[in-house]
Amino acid sequence: MVEEELQMIKMKNIEDEDDDDEITFGMWDYVCAPLIWLKMLANETHWSFVFGVVAVYGISQGLGGSLIRVGTEYYMKDVQKLQPSEAQIYQGVTSIPWMVKPLWGLMTDVIPLLGYHRSPYFMIAGVLGIIPMLFLSFHKRLHIFFAVLSLTTGSTGAAIADVTVDACVAQNSNKHKHLAADMQSLCSLSSSSGSLLGFFLSGLLVHLIGPKGLYGLLTIPPALVFLVGTILDEPRTTSASCKQVRQKLLDAASVMWSTLKLPEVWQPCLYMYLSLAMSLNVYDGMFYWYTDSDAGPNFSQEFVGYILSVGSAGALMGSLLFQYALKDHPFRDLCFWSQLSLGLSGMLDLILVLRLNLRIGVPDHFFAVIDEFALQFIGRLKWLPFLVLSAKLCPPGIEGTFFALIMSIDNIGVFTSSWLGGILLHVLKITRTSFDNLWIAILIRNIARLCPLLFIFLIPRTNSSSFVLPSLDTNTEETEKVDTREGDNIELVSLMTSVDTQR
C-alpha cells in the first residue's frame, strides 16, 4: 500500500511539473523560436553555411534585387520612355544569364581559378555587379542597347553568386535529408526579409535620388559579394590540366543526362516549366497603369514601393506557413492547391483594372495592397515545394551543377512568360497611354494559369522526407569521377571572434 501511495504522489508531482512548464511557455518562447531554429541549422550544417545564405540571398538578392526591380521599372518608363510591351521584353532579356546557370555551375565545380573553386567566382560576380551599376548611374544619355547590356551584365554577376550558394544548399540537402525543407525555408526567409526592406525603401529612394541615383547605391550589394569571396576559407586544390578539365566536364554532363532521363526527374521539371511559362507576365502593363494619371489610379513612387513591400511581407508569411505547417505535405497536393489559388487570385487584378472595387466602396490604394499581398503569399507557397523537390532531384557529386540545371529550366519558364506577356501586351495594343484592353490581357493570363493543372500528374505524391532519387548503375562510376571538392568543408572566416558575440 505504501509503495502504491508513493507512486501516486510521484505521478502527481510530475503532472504538476508539466502544468508549470505549460504555464511558463509564453510569447518570449515564440520570439526565440527563430533564433533557436537558426542555431539548430548552424549546428547541424555549419554556421558559415547559414551566414553565406543570409548574405547572398538576404542582402544581395533580396535587398539588392528589390531595389533594382523598382529602379529599372522607372528607368524604362521615365528615362528610356519605352512602351509597356518593350519594357516587358527587354527585362526578359536581362534574365538570360539565369537561363545558363549550369554553365556557371560547371565552371565553379570543375574549373578552379588560382587553385580555388569558390572564392574567385564570388569576386568575379562582385565585379560584374559593381561596374554596370556605376555605368548606368553616371551616364547621362545611355542608348537602350547599352542599358540592357549593362543590366544583363549585372544579372550575370548575380547568377554566378547565386549558383555558388545553390551548390552549398544542394550538398547539405543531400547530406542532411531531414533538413532539406528547413534549408529552403532559410533561403526563402532571408530573401523575403531582404526584399521586404528593399521594397519598403525603393519608392522613397526613387523619389529622392531617381532611378539612376538608385543604381549608384546598388553597387553596395555586389561589393558585399566580392567581400564574401575575399573572406571565404577553402582548401587550395591542384590545378588540373586541360585534358582533366575536359574529362570532368564530360563526366558531369554524362551524369546529368543520365539523371535527367529518369521519369522521376524530367516529369517534375516539365511541370515546373509549364507552371511558370503559362503564368503570362503582364506586370509592366499593370505598372504603367498604376502610375498613369488619367486611366489609372496614379500611384506615387513611394506608394508603389509600399505595395511591393507589403507583397514581400506576404511572401514572408507564405514562407512561415510552409515551414511550420506545410513542409511535410505531399508535393502534388501543394502544387495543385497553390496553382489553383494563383489562378483565382489573379481575378483581384481584373477587379482593380475594371474599377469594380470602387463600386463596392473599396479604395484603389487599399485594394492594390491586398492584391499584391495575396499574389506574393500564394506565389511563395507555390514556389517553395518546387525548390525542395529540385534539391531532392540532385544526384550526389554534382549537386550544384544539377540544381543549377533545374533552376535554369525554371528561369527559361520565367523568360517564356515574360516574352509571351510582352507579345500579348503588343497584340492588344496596350501602350503608355492606352489601357482599354488591359483587362483582356489579365483575363487571358488568369485562364492560362489554370492550364498547368492538366499536368499535375507529373508531380510525385511523396513529400520531402519520403522522396528518394532512384540510382542508376550506369552512372555510378561516372558520379565517382566527378570532383566534389569536399564541398561540405567550405568555411567562411568570421570577422569577429565568435558568432555568439554578434549584437
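Residues numbered from 1 in each chain as written. Predicted model: local features only at pLDDT ≥ 70, side-chain atom pairs only at ≥ 80, totals over all residues. Heavy atoms only, no water.

Let's talk about the confidence of the model for the protein
Low-pLDDT portions of the prediction should not be read for the details of their coordinates. Note the cut-off: pLDDT measures the predictor's confidence residue by residue and takes values from 0 up to 100. Helix and strand assignments come from DSSP, with helices taken as H or I runs of at least 4 residues and strands as E runs of at least 2, each series counted from the N terminus. Only heavy atoms enter the contact rule, under which two residues are in contact if any of them lie within 4.5 Å.
Model confidence for the protein is summarised by a mean pLDDT of 80, while 83% of its residues fall at 70 or above. Between the elements of the protein, mean pLDDT differs from a low of 35, seen in strand S2 (residues 491–492), to a high of 94, seen in helix H20 (residues 438–450). Every residue in residues 474–503 scores below 50 in pLDDT, and together they form 57 contacts with partners more than four places removed in sequence or on other chains.

Thoughts on the packing of aromatic side chains
Any two aromatic rings considered together are summarised by their centre-to-centre distance and by the angle between their planes. For clarity, the cut-off: Any two of the Phe, Tyr and Trp rings considered here, Trp counted by its six-membered ring, make a pair once their centres fall within 6.5 Å; the pair's planes then place it as stacked at under 30 degrees, edge-to-face at over 60, or tilted in between. Only protein chains enter the accessibility calculation, which uses a 1.4 Å probe; a residue is then buried when its area is under 20% of its type maximum, exposed when over 50%, and partly exposed in between. As a reminder, the over-ring test applies to NZ of lysine and CZ of arginine, requiring each to be within 6 Å of the ring centre and within 35 degrees of the ring normal.
This model, assessed by the stated rule, comprises 14 aromatic pairs. Arranged with centres 5.5 Å apart and planes meeting at 70°, the rings of Tyr75 and Tyr215 form a pair that is edge-to-face. Pair noted here: Tyr75 is in helix H3 (residues 47–79) and Tyr215 is in helix H9 (residues 180–217), with a separation of 140 residues, a long-range link. There is no split in this pair, since Tyr75 and Tyr215 are both buried. One aromatic cluster is present, formed by Trp289, Tyr290, Phe299, Phe303 and Tyr306 through successive ring pairs. Taking the ring centre of Tyr283 as reference, the NZ or CZ of Arg69 above it sits at 4.7 Å.

Some words on the pattern of salt bridges
Formally: In what follows, salt bridge is the name for a side-chain nitrogen of Lys or Arg lying within 4 Å of a carboxyl oxygen of Asp or Glu.
Considering all chains together, one arrives at four salt bridges under this definition. Residue Lys77 is joined to Asp78 by a salt bridge in which the shortest nitrogen-to-oxygen separation is 3.5 Å. The exposure class assigned to Asp78 is partly exposed, which follows from its relative accessible area of 32%. Of the charged contacts in the structure, one is a salt bridge between Asp182 and Lys327, with a shortest N-O distance of 3.4 Å. One end of the pair, Asp182, is in helix H9; the other, Lys327, is in the loop between helix H14 (301–326) and helix H15 (331–345), and 145 residues separate them in sequence. The burial state of Asp182 is the same as that of Lys327; both residues are buried.

Focus on the packing of helix H7 (residues 119–138) against helix H10 (residues 220–231)
Applied cut-off: Between the N-to-C directions of two axes lies an angle of 0 to 180 degrees, each axis being a line fitted to C-alpha atoms and, for a helix, fitted only over the stretch in contact. For classification, angles of less than 35 degrees are called roughly parallel, those exceeding 145 degrees roughly antiparallel, those between 65 and 115 degrees roughly perpendicular, and all remaining angles oblique. Crossings are classed by handedness, with left-handed meaning an anticlockwise turn of the near helix from the far one by less than a right angle and right-handed meaning a clockwise turn.
Contact pair H7 / H10: the axes reach a minimum separation of 7 Å and the direction vectors enclose 160°. The angle between H7 and H10 falls in the class roughly antiparallel. Crossing hand, H7 versus H10: left-handed. Facing H7, whose interface residues are Ser119, Phe122, Met123, Ala125, Gly126, Val127, Gly129 and Ile130, H10 presents Pro222, Ala223, Val225, Phe226, Val228, Gly229 and Thr230.

Regarding the nonpolar core
Spelled out, the test is: Put simply, a nonpolar core is a bunch of buried Ala, Val, Leu, Ile, Met, Phe, Trp, Tyr and Cys residues held in one set by side-chain atoms that sit within 4.5 Å of each other.
Membership of the largest hydrophobic core comes to 49 residues, with the highest contact counts inside it found for Leu136 and Leu438. Of all the elements, helix H13 (residues 283–290) adds the most residues to this core, at six residues. Discounting chain neighbours no more than four positions away, the residues touching Leu136 are Tyr75, Leu142, Ala147, Ser150, Leu151, Lys212 and Tyr215. Leu106, Phe331, Cys335 and Leu393 belong to the second-largest nonpolar core, a separate cluster that totals 32 residues.

Examining helix H12 (residues 263–277)
Residues that lie three or four places apart on an α-helix share one face, since the helix turns once every 3.6 residues. Counted only if it meets this: How far a helix is expected to stretch is found by multiplying one less than its residue total by 1.5 Å.
The end-to-end C-alpha distance of H12, which contains 15 residues, comes to 21 Å, matching closely the 21 Å that a straight helix rising 1.5 Å per residue would cover. Regarding H12, the residues found buried are Val265, Pro268, Cys269, Tyr271, Met272, Leu274, Ser275, Leu276 and Ala277.

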